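Overview (structure and organization)
The primary structure of each chain is shown beneath.
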Number of protein chains: 2
Amino acid sequence: MTFRRIAARAACSLALPLALSAAPAWGQRTAPPPAPPVDPKVAALRDAALKDDLAYAIIEGLTTEVGQRLAGTEAEARGRAWGAAKLKALGFSNVAIETYQMPVWVRGEETAEIVAPVPHRLHLAALGNSGSTGPKGLTAEVAVFPTYNDLAAAPDGSLTGKIAYVGNAMQRTQDGSGYGANGAARFVGPALAARKGAAAIVIRSIGTDHHRLPHTGTTNFAEGQAPIPAAALSVPDAELIERLATRGQPIRLRLLLTPQQTGMHESGNVIAEVPGTDPDAGIVLIGGHLDSWDLGTGAIDDASGLAITTAAAKRILDSGMRPRRTIRVVWFGAEEVGGPGGRDYARRHGGERHALAAESDFGADRVWRFETALPDSAAAVGARLGSALAPLGIVRGNGVAGDGADIAPIIRTGVAGVDLNQSGLDYFDVHHTADDVLDRVEPEALRQNVAAWTAMLAIVANAPEAIGPVVRPK
Amino acid sequence: MTFRRIAARAACSLALPLALSAAPAWGQRTAPPPAPPVDPKVAALRDAALKDDLAYAIIEGLTTEVGQRLAGTEAEARGRAWGAAKLKALGFSNVAIETYQMPVWVRGEETAEIVAPVPHRLHLAALGNSGSTGPKGLTAEVAVFPTYNDLAAAPDGSLTGKIAYVGNAMQRTQDGSGYGANGAARFVGPALAARKGAAAIVIRSIGTDHHRLPHTGTTNFAEGQAPIPAAALSVPDAELIERLATRGQPIRLRLLLTPQQTGMHESGNVIAEVPGTDPDAGIVLIGGHLDSWDLGTGAIDDASGLAITTAAAKRILDSGMRPRRTIRVVWFGAEEVGGPGGRDYARRHGGERHALAAESDFGADRVWRFETALPDSAAAVGARLGSALAPLGIVRGNGVAGDGADIAPIIRTGVAGVDLNQSGLDYFDVHHTADDVLDRVEPEALRQNVAAWTAMLAIVANAPEAIGPVVRPK
């Protein structure tokens, strides 16, 4: 995932579960309304999914037989071909690849070393859209800012000729909120440093691990602004700079980064369906993203999302019960680099009736919570989800569903949503690093995800209620 | 550490604790002999050491202000200067640097990629003494051997022109025995592959982690044998090769490794003392090694050993009780690359009376066990150690002390020993990788080490018993 929208929590016109919109549990004096029973067919599908092997096989295959899948490259194209073949082989209908053009940035050489007061080689990775130092590199004094806010407080022009260093205080959070809170150093820190005159910027990785593996990710420069070289240091390397800074001597850094913008190239989405019986009931759109960062093989970000949603849809396909609503699985392209895949999907398919959209793009750890964004007409759907998901250890939150960069353009048109939130406690140990490989996927947690998605699809795709548009609070 | 000798366990002339040489505990029918009381001064020193900050400060300083310390390089020389200044500042006596010449191998470029059946970039590190591919690299088919024994079974000449891949089944063990059992792939696998005609060899790192960080370490070619390019893949990269191998298509690897032998250079040991009152009672020799591998900053291997032993000796120095025996702290050079520091020490100082030698070179995790190698005359010393170390959670083993590559040449002359064994369960997650940095040191565990070493020194250096030579079982 690139950025996780933290849902607003204001009261709204959505159907919120009664128990949660009332007093907190410890003040509760009345019994909650009885939970609806779970349809035995839903329960059976859910429990069978706890033995799923397809999701792991998809991740294993994609990461082994294709590898990294940087958006807009031939590797991502091989991923599309692999995905379309796999979806056809699994028996999905209407499998198609839909392409679009997008600008492509590619990594070059990247090395860095502290040259004073003490030589140290550093581990770092250029950020997407980083400028280049040129092949001879750049040596300059480092201006150390513990956080993004400290950088923001630096006077304009005060960084002229310097390399800005920006730290952060990222902590583990189950809901992933640490990313939004600390990510500014990466998302907009380079643009800000450039505006203040910096020759380059290195940030402490937006990550919670302590390994010598930097976390890459996209940064954004302003329209017309010349990109400066911008990279993330591994957390231990960042801490080394901070320790050296406490000793008071100037720190000089030599930086070599030679990434390039390579112009416009083809990317695309892979689409497949489990056809429904009632075209008027609307499509249930699910999926994740096929592209990955180039450092790892994108096992958790986001082969897992493709695998979980595809394996769940395949279980509905194989159940013998043709669903009321068409389930459309999309393997989106180019999520990591600005989301042209999601925009292309909305452009092509925004005119079709979508009942609900849900995306899996937060790794492969266990689902611990679900959120909904449902119209009043479908409030009972939320209650049935609660009953069916509870045995998997999943509780209902009090936020508003709609997470996922790829479905965001469709969600914005008022499409209902369900989020199945995976634990983010360990996600940012690995996110956007070379460690995002098959080893990071825990098969039992992955199966719990497939079971949750299978139950959700069985309920949502077959709900007799109308799942019409919703208005989300701002 | 380079290689941990697994002590023989045969019955012998050494003083073994009675309870352990008798029946196993669950068959015990008689009360064990009463443990001797702990000298209150020893207990007070031990408990005060649980608040130690010096050991951490030494590790922090050495890894920050010096960094990596590859043997025989200017970085190791800066480490010696740093160490001598630190030991003088701490008030140790007779601080000296003793130098010697040694051959020095240095890392060059190192990249690798699978070019067929699917492109994948790999993370790898050359092994010490690896040959070079030359600047143009080498591309060849991979012959996959799951273990060293499989490689050993390959017919001579069967690997001509190929790159051998050798896996392993390294598991976590508290006593570190997994290293000896699986290390052959690194220690002698390259020499064996070369003899069978291989153009190069890559091994699965001898490590227990699953990060994209390879584990380097020395390999040894035979006298007169031309070294082939030899490198360790990170564990996930090794597993990728094994997964691709199951798919049956030939795997082709492109390898670029340009290390060099740079001839003879200066290395050295740093020596310091807490002078004793009785020169005839013999020296207590303690220490660790100053040099490190070049990928990390040698925080656990072995700044921790220097720090633990130095901090413990400093506590004796500051205790106001001048010890009976001189405590000699040595920061050995060049342990990682064959141990010329230990040999130089033995050559210079082998004629001096050594009562006992003990080395700390297994990281910074908690001490869980101690071993002794004591003459009958000093059996009571072992019992007193048992009483004093028990409150730190340390039990007595039934092996024979003498671990440590640097003290091995002195130990071989019949010097008594005590081993304070640290847990090896996590050690090989980090050993010889870029992750061997300050972050890996857990301050509370480090303090427990200092407390154990302080108690051990207080007992051993002041023991009224003669601690004469011992004969170790073969």
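This structure is a prediction, so every number in the text was calculated from the model and none was measured. (Residues numbered from 1 in each chain as written. Chains lettered and ligands numbered in written order. Predicted model: local features only at pLDDT ≥ 70, side-chain atom pairs only at ≥ 80, totals over all residues. Heavy atoms only, no water.)

Brief notes about the interface of chain A and chain B
- Contacts between the two partners involve 34 residues from chain A and, on the opposite side, 34 residues from chain B.
- Buried area between chain A and chain B, summed over both chains or domains, comes out near 2,600 Å², and the portion from carbon and sulfur atoms is 44%.
- Area buried by chain A at its contact with chain B is led by Thr-64, Arg-212 and Arg-247 of chain A, which between them contribute 21% of it.
- At the junction of chain A with chain B, the criterion picks out six salt bridges.
- One salt bridge connects Arg-243 of chain B with Glu-60 of chain A, and the closest N-O pair in it is separated by 3.5 Å.
- Elements that contribute at least two residues to the side of chain A that touches chain B include exactly α3 (54-65), β3 (120-122) and α9 (235-246) of chain A.
- Taken together, the residues that form the side of chain A that touches chain B break down as 11 nonpolar, 11 polar and 12 charged. (Contact = heavy atoms within 4.5 Å. Buried area = accessible area lost by both parts, 1.4 Å probe. Salt bridge = Lys/Arg side-chain N within 4 Å of Asp/Glu carboxyl O. Helix = DSSP H or I, 4+ residues; strand = E, 2+ residues; numbered from the N terminus. Nonpolar A, V, L, I, M, F, W, Y, C, P; charged D, E, K, R; others polar.)

Some details on the domain arrangement of chain A
Residues and elements named next belong to chain A.
- Parsing chain A into structural domains produces domain 1 (20-26 + 34-104 + 264-462) and domain 2 (108-258).
- The C-alpha-based centres of domain 1 and domain 2 are spaced at 33 Å.
- Summed over both sides, the interface of domain 1 with domain 2 buries roughly 1,600 Å², with 60% coming from carbon and sulfur.
- In terms of surface lost to domain 2, no three residues of domain 1 exceed Leu-425, Phe-428 and Asp-429, which account for 36% of the buried area on that side.
- Linking domain 1 with domain 2 are two salt bridges, by the criterion used here.
- Residue Arg-172 pairs with Asp-426 through a salt bridge whose shortest N-O separation is 3.4 Å.
- Inspection of the domain 1/domain 2 interface yields 10 residue pairs in polar contact (both at pLDDT 80 or more).
- Residues that form the side of domain 1 that touches domain 2 fall into these classes: nine nonpolar, six polar and five charged. (Domains from an automatic or database assignment. Polar contact = N/O pair within 3.5 Å; in protein donor to acceptor, adjacent residues only side chain to side chain.)

Quick look at the pattern of salt bridges
- All told, the structure shown has 54 salt bridges over all chains when counted by the stated rule.
- Between Arg-384 of chain A and Glu-465 of chain A there is a salt bridge, with the nearest N and O atoms lying 2.8 Å from each other. On the criterion of sequence distance, the pair formed by Arg-384 of chain A in helix α12 (residues 379-389) and Glu-465 of chain A in the segment after α14 (443-462) is long-range, its members being 81 residues apart.
- Residue classification places Arg-384 of chain A among the partly exposed residues on the basis of a relative accessible area of 24%.
- Its relative accessible area of 16% is what places Glu-465 of chain A among the buried residues.
- Taken together, the salt bridges that share partners define one network made up of Glu-60 and Glu-65 of chain A together with Arg-243 and Arg-247 of chain B. (Buried < 20%, exposed > 50% of the residue type's maximum accessible area, 1.4 Å probe, protein only.)

Points about the sheet that holds strand β7 (residues 200-204) of chain A
All names here are of chain A.
- Read across the open sheet, the eight strands follow the order β3-β2-β9-β5-β6-β7-β8-β4; overall the sheet is mixed. Sheet topology places β3 and β4 (124-126) at the edges, where each strand pairs with a single neighbour. Looking at each pair of strands side by side, their axes are set apart by 30° on average, direction ignored.
- Bridge analysis of strand β5 (residues 138-145) against strand β9 (residues 252-257) gives four bridges, and the strand direction is antiparallel. Within β9, the residue paired with Thr-139 across the bridge is Arg-254.
- With respect to the sheet, α9 is in contact with β2 (110-116), β3, β5, β6 (163-166), β7 and β8 (230-233), its orientation differing from that of β3 by roughly 140°. (Pairing = 2+ DSSP bridges. Axes fitted to C-alpha atoms, helices over the stretch in contact; angles between N-to-C directions.)

Quick look at the sheet that holds strand β13 (residues 354-359) of chain A
All names here are of chain A.
- Overall, mixed pairing links the eight strands, which are arranged β1-β10-β12-β11-β13-β16-β14-β15 in an open sheet. Pairing within the sheet leaves two strands with one partner each, and these edge strands are β1 (93-106) and β15 (395-400). Within this sheet the neighbouring strands show an average axis-to-axis angle of 20°, counted without direction.
- Sheet strands touched by helix α11 (residues 340-349): β1, β10 (260-274), β11 (283-289), β12 (327-332) and β13. Its angle to β1, the strand with the most contacts, is close to 135°.
- Strand contacts of α12: β14 (367-373), β15 and β16 (416-422), with the helix running at about 170° to β14, the strand carrying the most contacts.

Considering the relation of the copies chain A and chain B
- Screw-axis analysis of chain A against chain B gives a translation of 0.0 Å along the axis, an RMSD of 0.0 Å, and a rotation angle of 180°. Within this description, the copies of the chain are treated as partners about a two-fold rotation axis.
- Here 100% of the interface residues in chain A have copies in chain B that are interface residues too; the copies meet face to matching face. (Least-squares fit on C-alpha atoms with pLDDT ≥ 70 in both.)

Some points on the packing of α3 of chain A against helix α9 (residues 235-246) of chain B
- For the pair α3 of chain A and α9 of chain B, the least separation of the axes is 10 Å and the interaxial angle reads 100°. In this view, α3 of chain A runs roughly perpendicular relative to α9 of chain B, as classed from their interaxial angle. Listed contacts from α9 of chain B to Glu-60, Thr-63 and Thr-64 of chain A of α3 of chain A are Leu-240, Arg-243 and Leu-244 of chain B.
- Considering only residue class, the contact of α3 of chain A with α9 of chain B consists of two nonpolar, two polar and two charged. (Parallel < 35°, antiparallel > 145°, perpendicular 65-115°, else oblique.)

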